[in-house]
Amino acid sequence: MATKPTKVTISFDNDRAPVELPVLSGTLGNDVIDIRKLGKHGIYTYDPGFLSTASCSSDITFINGEEGNLYHRGYPIEQLAENANFLEVAHLLIKGDLPNAKEKKNFSLAIERHTMLHDQMLNVFRGFRRDAHPMAVIVSVVGAMAAFYPEQTNVTDPKLREIAALRLLAKAPTIAAWSYKYTIGQPFVYPQNKLSYAENFLYMMFATPCEEYVVSPILAKAFERILILHADHEQNASTSTVRLVGSSGANPFACIAAGIASLWGPAHGGANEATLKMLDEIGDVSCIDEYIARAKDKNDSFRLMGFGHRVYRNMDPRAAIMRKTCHEVLNELGLHDDPMFKLAMRLEKIALEDEYFVKRKLYPNVDFYSGIVMRAMGIPNSMFTAIFALARTAGWIAQWNEMHTDSSNKIGRPRQLYTGEAKRDFVPIDDRK
Ligand code: SDX
């Protein structure tokens with residue numbers, strides 16, 4: 001096996017002296033060139049969108065995009081989705097390993113202690129119009145938590161960071177469910193701590209004060225899996241946002257609110273809602289070819305939502321698990337002939353055989369099937385990204401915490417390639433054209 005490089009020399013095609021830089025290796029994945037000292041040589045690297053740039057070192061999640069593998073602290077996502085519950089995965093991400101029986105009980109009890117919101121927070125919800133998008137409500141309520149827990153704005157104290165993490169993880173389902181209840185004009189339903197994390201969310205989403213509501217174990221199991229599949233994913237746009245905001249010492253609530261805002265974009269977590277809208281718009285198998293042609297047309301801004309990924313050059317392993325969950329939930333709900341699912345399966349097949357998608361290694365990602373499962377569960381499109389944010393809160397907290405325990409952590413401050421005007425003198429108004 002070839003030995004790993006330990007350094008690289010950059011030489012220039014002019015009289016500038018070559019620069020020698022260390023090469024670092026991780027446990028898995030590509031080596032990296034440590035360019036931290038490069039600036040001192042009067043030159044920077046240029047990588048808009050960070051296609052080839054590692055922003056940090058991390059022990060939390062690893063993706064092998066070529067092979068379509070996803071590990072959380074070394075555990076393959078397939079094994080976690082099959083065997084763990086969401087709080088076990090949250091514990092794994094945040095604390096570094098799967099909890100033993102005692103740790104699992106204590107973690108669940110600690111979460112239960114914080115599921116309710118401060119009563120005054122109801123007024124934050126009530127400041128919105130009823131037709132507000134749930135993501136607008138959630139980003140505001142999470143940010144407002146800094147006003148309710150001012151002591152937690154001290155990010156240097158690990159104990160305070162831990163309590164803030166528990167509060168965010170515990171309140172996320174309540175905030176998400178209440179953002180839905182508010183938009184449909186139903187009263188907020190309070191969490192029932194005897195229920196599991198997934199059951200509690202579905203209970204707060206669908207129960208009313210007028211009658212008993214029992215959460216379907218089938219839907220609770222499927223929802224648990226949806227949460228696990230969305231929990232963390234390396235340095236994606238929203239996680240990188242949380243880290244960058246956190247690098248200035250901002251409080252955890254502001255950091256997670258920033259992550260929620262970034263996730264909302266249709267190129268990122270908003271793709272699950274956009275995928276369902278796209279499937280609704282396509283409507284019928286007979287229209288698929290027209291939309292595939294539009295996705296390939298450079299003059300058309302339309303893209304096949306739920307397809308493609310910055311890292312995966314193979315099937316997103318989460319999409320494969322989500323497709324399987326789709327089958328299970330639709331069959332168990334007697335919806336195996338769901339036209340939306342059949343349309344999605346057909347669209348996936350056609351795209352995967354099309355040269356344009358094959359050449360660019362564009363495969364279905366986690367968002368392609370998640371919306372179909374959630375819609376079958378009775379969850380409206382507008383809540384899909386809110387649920388993504390609910391699940392990703394575990395990963396954002398883990399990554400934010402890891403950043404604060406990293407001694408090499410500095411405030412994020414990228415440089416630029418300046419392409420504007422060179423120095424010039426002020427022009428008095430009478431001399432301007
Ligand atoms: C998530 O990063 C993460 O980990 C994110 C995420 C997570 O868990 O945090 O996995 C969650 O965000 C999943 C992605 C959800 N987004 C979508 O499904 C939206 C549709 N996908 C595309 O917008 C796109 O694929 C991205 C944004 C996901 C990735 O964009 P890249 O890496 O910047 O890819 P690109 O734009 O450079 O595309 C490369 C080529 C281009 O064509 P050419 O210039 O080579 O001719 O592929 C084309 C693109 O036009 N392309 C698509 C396409 N995605 C890429 N063409 C049609 N339909 C698509 N969906």
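Residues numbered from 1 in each chain as written. Predicted model: local features only at pLDDT ≥ 70, side-chain atom pairs only at ≥ 80, totals over all residues. Heavy atoms only, no water.

J.: I'd like a rundown of the overall build of the protein, residues and numbers included.
T.: Helix and strand counts for the protein stand at 17 helices and six strands. Taken over C-alpha atoms, the radius of gyration comes to 24 Å for the protein, in line with the 22 Å a tight globule of 433 residues would show. Dimensions along the principal axes, computed over C-alpha positions, put the protein at roughly 80 × 70 × 60 Å. In the protein, which comprises 433 residues, the share counted as buried stands at 46%. If you take every contact in the protein between residues at least 6 apart in sequence, the share linking residues at least 24 apart comes to 70%. If you sum the accessible surface of the protein, you get close to 22300 Å²; carbon and sulfur atoms cover 53% of it. If you average the places of the 49 positive and of the 50 negative side-chain charges in the protein, the two averages end up 4 Å apart. (Helix = DSSP H or I, 4+ residues; strand = E, 2+ residues; numbered from the N terminus. Rg over C-alpha atoms; globule rule 2.2 N^0.38 Å. Buried < 20%, exposed > 50% of the residue type's maximum accessible area, 1.4 Å probe, protein only. Contact = heavy atoms within 4.5 Å. Areas by Shrake-Rupley, 256 points an atom, 1.4 Å probe, with all protein chains shown as cover. Lys, Arg positive; Asp, Glu negative; His and termini not counted. Charge placed at Lys NZ, Arg CZ, Asp CG, Glu CD.)

J.: Residue-level account of the pairing of strand E4 (residues 61–64), with values.
T.: Of the strand pairs in this sheet, E4 and strand E5 (residues 69–72) are connected by four bridges, and their pairing is antiparallel. Each residue of the ladder has a partner; that of Ile 63, found in E5, is Leu 70. Where E4 folds back on E5, the antiparallel hairpin that results is connected by four residues, among which Gly 68 adopts a positive phi of roughly 70°. (Pairing = 2+ DSSP bridges.)

J.: Before we move on, could you go through the environment of Glu 199 and cite the residues and values that matter?
T.: Position of Glu 199 among the secondary structure elements: in helix H7 (residues 197–206). The exposure class assigned to Glu 199 is partly exposed, which follows from its relative accessible area of 25%. Placed 24 residues apart in sequence, Glu 199 and Phe 223 show a C-alpha to C-alpha distance of 8.3 Å. Engagement of the side chain of Glu 199 in a polar contact is seen with the backbone nitrogen of Ser 196, the distance being 2.8 Å. (Polar contact = N/O pair within 3.5 Å; in protein donor to acceptor, adjacent residues only side chain to side chain.)

J.: Could you give me a rundown of unusual backbone geometry, with the residues and numbers involved?
T.: The backbone of Phe 50 sits at a positive phi, close to 55°, despite the residue not being glycine. Tracing the sequence through the fold places Phe 50 in the loop between strand E3 (32–33) and E4. Of the residues examined, Phe 50 reaches a relative accessible area of 52% and is grouped as exposed. Phi at Lys 361 is positive, roughly 55°, even though this residue is not glycine. Positionally, Lys 361 belongs in the loop between helix H15 (355–359) and helix H16 (367–376). For Lys 361, a relative accessible area of 37% gives the class partly exposed.

J.: Lay out the packing of helix H2 (residues 86–95) against helix H3 (residues 101–112) in plain terms, naming residues and giving numbers.
T.: Remark: H2 packs on H3, axes separated minimally by 10 Å, with the N-to-C direction vectors making an angle of 95°. The angle between H2 and H3 falls in the class roughly perpendicular. For the pair H2 and H3, contact is made by Leu 87, Glu 88, Ala 90, His 91 and Lys 95 and by Glu 103, Lys 104, Phe 107, Ser 108 and Ile 111, respectively. For the contact of H2 with H3, the class distribution of residues is four nonpolar, two polar and four charged. (Axes fitted to C-alpha atoms, helices over the stretch in contact; angles between N-to-C directions. Parallel < 35°, antiparallel > 145°, perpendicular 65-115°, else oblique. Nonpolar A, V, L, I, M, F, W, Y, C, P; charged D, E, K, R; others polar.)

J.: Got a sec to walk through the site of the ligand? Specific residues and values, please.
T.: Close to the ligand lie 24 residues; His 233, Leu 304, His 309, Arg 318 and Arg 392 are nearest. Between an oxygen atom of the ligand and a side-chain N or O atom of His 233, the distance comes to 2.6 Å. Side-chain polar atom of His 309 to an oxygen atom of the ligand: 2.6 Å apart, as the coordinates give it. Of the residues assigned to the shell around the ligand, the class counts are 10 nonpolar, seven polar and seven charged. (Near = heavy atom within 4 Å.)

J.: I'd love a proper account of the nonpolar core, names of residues and values included.
T.: The nonpolar side chains of soluble globular proteins are, as a tendency, buried together. Grouped together as the largest cluster of nonpolar side chains are 125 residues, with contacts concentrated most on Phe 86, Leu 169, Phe 201, Phe 223, Leu 304 and Ile 372. With sequence-adjacent residues up to four places away left out, Leu 169 is seen in contact with Phe 86, Ala 90, Ile 94, Phe 107, Ile 111, Tyr 197, Thr 393, Ala 394 and Ile 397. (Core = buried A, V, L, I, M, F, W, Y, C linked by side-chain atoms within 4.5 Å.)

J.: If you had to explain the side chain of His 91 to someone new, which residues and values would you point to?
T.: Inspection of the secondary structure puts His 91 in helix H2. Judged by its relative accessible area of 7%, His 91 falls in the buried class. What His 91 contacts, discounting residues up to four positions off in sequence, is Gly 96, Asp 97, Leu 98, Pro 99, Glu 103 and Phe 107.

J.: Tell me what's going on with the pattern of salt bridges, and back it up with residues and numbers.
T.: Considering all chains together, one arrives at 23 salt bridges under this definition. Arg 167 is the partner of Glu 151 in a salt bridge, and the nearest nitrogen-oxygen pair spans 3.2 Å. Residue Glu 151 is located in the loop between helix H5 (134–148) and helix H6 (158–183), and its partner Arg 167 is located in helix H6; the two are separated by 16 residues in the primary sequence. According to the relative accessible area criterion, Glu 151 is partly exposed, its value standing at 38%. One network of salt bridges, with partners in common, ties together Glu 82, Arg 225, Lys 324 and Glu 328. (Salt bridge = Lys/Arg side-chain N within 4 Å of Asp/Glu carboxyl O.)

J.: A description of the pairing of strand E2 (residues 19–24) should follow, citing residues and the corresponding values.
T.: As paired elements, strand E1 (residues 7–10) and E2 share four bridges and run antiparallel to each other. By the bridge assignment for E2, Ile 10 is matched with Val 19.

J.: With reference to specific residues and values, describe the layout of surface pockets.
T.: Rolling a probe over the atoms, with the probe sized like a water molecule, indicates the empty space that remains. By volume, the second largest pocket is sized at about 260 Å³. Residue lining of the second largest pocket: 21 residues in total, with Leu 87, Glu 112, Leu 195, Ser 196 and Tyr 197 positioned closest to the centre. Among the secondary structure elements, those contributing two or more residues to the lining of the second largest pocket are H2, H3, H6 and H7. Considered class by class, the residues forming the lining of the second largest pocket number 10 nonpolar, seven polar and four charged. (1 Å grid on protein atoms, 1.4 Å probe; cavity = no way out; pocket = protein on both sides within 12 Å on 5 of 7 lines; lining within 4 Å. Points joined across faces, edges and corners; volume = space filled by probe spheres on them.)

J.: Go over the sheet that holds E4 with me, naming the residues and quoting the values.
T.: Spatial strand order, E4-E5-E6: three strands in an open sheet with antiparallel pairing. The sheet is open, and its two borders are formed by E4 and strand E6 (75–76), each paired with just one other strand. Note that E5 and E6 share two bridges and pair antiparallel. Counted as the bridge partner of Tyr 71 is Pro 76 from E6.

J.: With reference to specific residues and values, describe empty space enclosed by the protein.
T.: Under the criterion given, the structure shown has one cavity of 30 Å³ or more. There is about 90 Å³ of room inside the largest cavity. Considering the residues around the largest cavity, the lining is formed by Ile 138, Val 142, Leu 168, Ala 172, Ile 175, Ala 176, Ile 256, Ile 260, Ala 386, Ala 389, Leu 390 and Thr 393. Split by residue class, the lining of the largest cavity holds 11 nonpolar, one polar and no charged.

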